[in-house]
Amino acid sequence: MEQTKVVLADHEIPTQWYNIQADLPKPMSPPLHPGTGKPVGPDDLAPIFPMNLIEQEVSQERWIDIPDEVLGKYLIWRPSPLCRARNFEKILDAPVKIYYKYEGSSPAGSHKPNTAIPQAYYNKVFGVKRLSTETGAGQWGSALSMACAMFGLELRVFMVKVSFEQKPYRRMMMNTWGATCFPSPSNETEAGRQVLAEYPDSPGSLGIAISEAVEDAVSHENSRYSLGSVLNHVCLHQTIIGLEAQKQFEKIGVYPDVVIGCAGGGSNFAGISLPFVRDKIHGKQLRIVGAEPASCPTMTRGPFAYDFGDLAKKTPLLPMYTLGHDYVPAPIHAGGLRYHGMAPIISHLLREGLIEAAAYDQVATFEAGVQWARTEGVIPAPETNHAIAAVIAEARRAKAEGKEKTILFNFSGHGLVDMAAYDAYLAGKLIPYELPDEEIQRALKAIEGFPKP
């Protein structure tokens, strides 16, 4: 019988996270203070994050130890399996072997607990009592809710309104784990009230929700903000995915030709790809592809620029591919990918040519997800469908070139609480949507005059 899964024993779980900043051929541009235009220092971030996470954010150390308390929680579901998609390979009829890292096995159903648990832990040991955060599709909000329950922290979540309405079960998951969830924009913050005053029917955006969460955190005692993507320490925590995958491939004597992940803010893509980017920097030949939505084409159509991470300009200026901080993406069902910017680490790697990006419309991605579900059985999250669409594109390329290829992708989460999205697709209610050029140009006016990386 042919092997379908590669499973690591508990004692084989990686005990360190990998920090790619130690191996970059060219250093990243620093985040800037919007008031002074100078690089942001640890003290500038102290009102928002605990110092132990700020130290990870700015660290240049290659390996950072994972605390035993975090490893103990990881072992509830990690190491996650590396699986071979043999049935999917057959219907594609291409010279490819397809492997996927299954992150849907976590209690929250996605990769997000990989950083939620350490963030809750580091805040707890720093003395923080209360966290605030945003969430797009609800995967991050539910993961952090679970982590805060584990470490005894209060949590308030600002969920993008269109997802709050589309995905009620995500909100119910948060409530079950003890968090309070608000549709964003909300009347809970000044940032939310300003948006509602101008756009009462706003569907919300991650930029708006981040503004609300940061405001909520800094206006309460013993409170900090927690972010589920974009920042360096978040990408760092997610590297356990790629590190496990490398160990699993070593067990079977295989190495991928192409590594793929869906990309919104960049965390799960960073998690699967950064250990392999290190290999590429040191001479390995492979391609690494981030798959994003055509409705929010940050990497494929946005400029590399300094921009705020949120609408209300409460964050530092980050060097990233961006569509402009006041851009409100179309209310597609892949809510976790509806972000105007991209992680500075991922943006830097793209600019340096170490990774690639491709954009897919939502109908094509749901076609891919349904095809996957009907062959491999697992119903993917709408975000994961983008990675599967990219896998199909790579299989077709391999067939056209007549070359055998091994493809690895990150199955970032299951879609069992996203069935309303599938219902809309199956009923023919989804339409292909590509962001018009004029909307990009309008949104980018918001960053005119900003410093250039």
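Higher on the page you've got the structure.
Keep in mind it's a predicted model, so treat the numbers as computed, not measured.

Definitions and cut-offs
- Residues numbered from 1 in each chain as written.
- Predicted model: local features only at pLDDT ≥ 70, side-chain atom pairs only at ≥ 80, totals over all residues.
- Heavy atoms only, no water.
- Pairing = 2+ DSSP bridges.
- Helix = DSSP H or I, 4+ residues; strand = E, 2+ residues; numbered from the N terminus.
- Axes fitted to C-alpha atoms, helices over the stretch in contact; angles between N-to-C directions.
- Contact = heavy atoms within 4.5 Å.
- Expected span 1.5 Å × (residues − 1).
- Buried < 20%, exposed > 50% of the residue type's maximum accessible area, 1.4 Å probe, protein only.
- Core = buried A, V, L, I, M, F, W, Y, C linked by side-chain atoms within 4.5 Å.
- Parallel < 35°, antiparallel > 145°, perpendicular 65-115°, else oblique.
- Left-handed = near helix turned anticlockwise from the far one by under 90°.
- Nonpolar A, V, L, I, M, F, W, Y, C, P; charged D, E, K, R; others polar.

By definition, the strands of a sheet pair up through backbone hydrogen bonds, in either a parallel or an antiparallel sense. The strand order across the open sheet formed by 4 strands is β8-β7-β6-β9, and the pairing between neighbours is parallel. At either end of the open sheet lies a strand with only one pairing partner, and these are β8 (180–184) and β9 (223–225). Across this sheet, the average inter-strand angle for adjacent strands is 20°, counted without regard to direction. Relative to β9, strand β6 (residues 130–135) runs parallel, the two sharing 3 bridges. In the strand pairing of β9, serine 132 is matched with tyrosine 225. Against the sheet, helix α10 (residues 206–218) touches β6, β7 (154–160), β8 and β9, its axis set at about 170° to β6.

In space, the 7 strands of this open sheet follow the order β1-β4-β5-β15-β10-β11-β14, with mixed pairing throughout. Strand pairing shows two members of the sheet lacking a second neighbour, β1 (5–6) and β14 (356–360), which therefore form its edges. In this sheet, strand β5 (residues 96–102) lies alongside strand β4 (residues 82–84) in antiparallel orientation, the contact comprising 3 bridges. Following the sheet pairing, arginine 84 is matched in β5 by tyrosine 99. The strands touched by helix α17 (residues 382–401) within the sheet are β5, β10 (258–262), β11 (287–293), β14 and β15 (405–411), with β15 carrying the most contacts at an inclination of about 175°.

Attention shifts here to α10. Over its 13 residues, α10 runs 18 Å from end to end, which matches the ideal 18 Å to within 8%, given 1.5 Å per residue. Summarising burial for α10: 12 of the 13 residues are buried, a large majority. Every buried residue belonging to α10 is among Leu206, Gly207, Ile208, Ala209, Ile210, Ser211, Glu212, Ala213, Val214, Glu215, Asp216 and Ala217, and all of these are buried. Looking at the buried positions of α10, the neighbouring elements they touch are β6, β7, β8, α9 (190–198) and β9.

Moving on, we come to the nonpolar core. Trp17, Tyr74, Ile346, Leu349 and Leu408 are the most contacted members of the largest nonpolar core, which has 68 residues in total. At 7 residues, the largest contribution of residues to this core is made by helix α6 (residues 139–151). Ranked by size, the runner-up nonpolar core spans 29 residues in total, among them Ala85, Trp372, Ile392 and Phe409.

In this section: the packing of helix α13 (residues 267–281) against helix α15 (residues 344–351). Running from amino to carboxyl end, α13 crosses α15 at an angle of 45°, the nearest separation of the two axes being 11 Å. Of the possible angle classes, the one that applies to α13 and α15 is oblique. Handedness of the crossing formed by α13 with α15: left-handed. Contacts from Phe269, Ala270, Leu274 and Val277 in α13 reach Ile345, Ile346 and Leu349 in α15. Of the residues in the contact of α13 with α15, the class split is 7 nonpolar, no polar and no charged.

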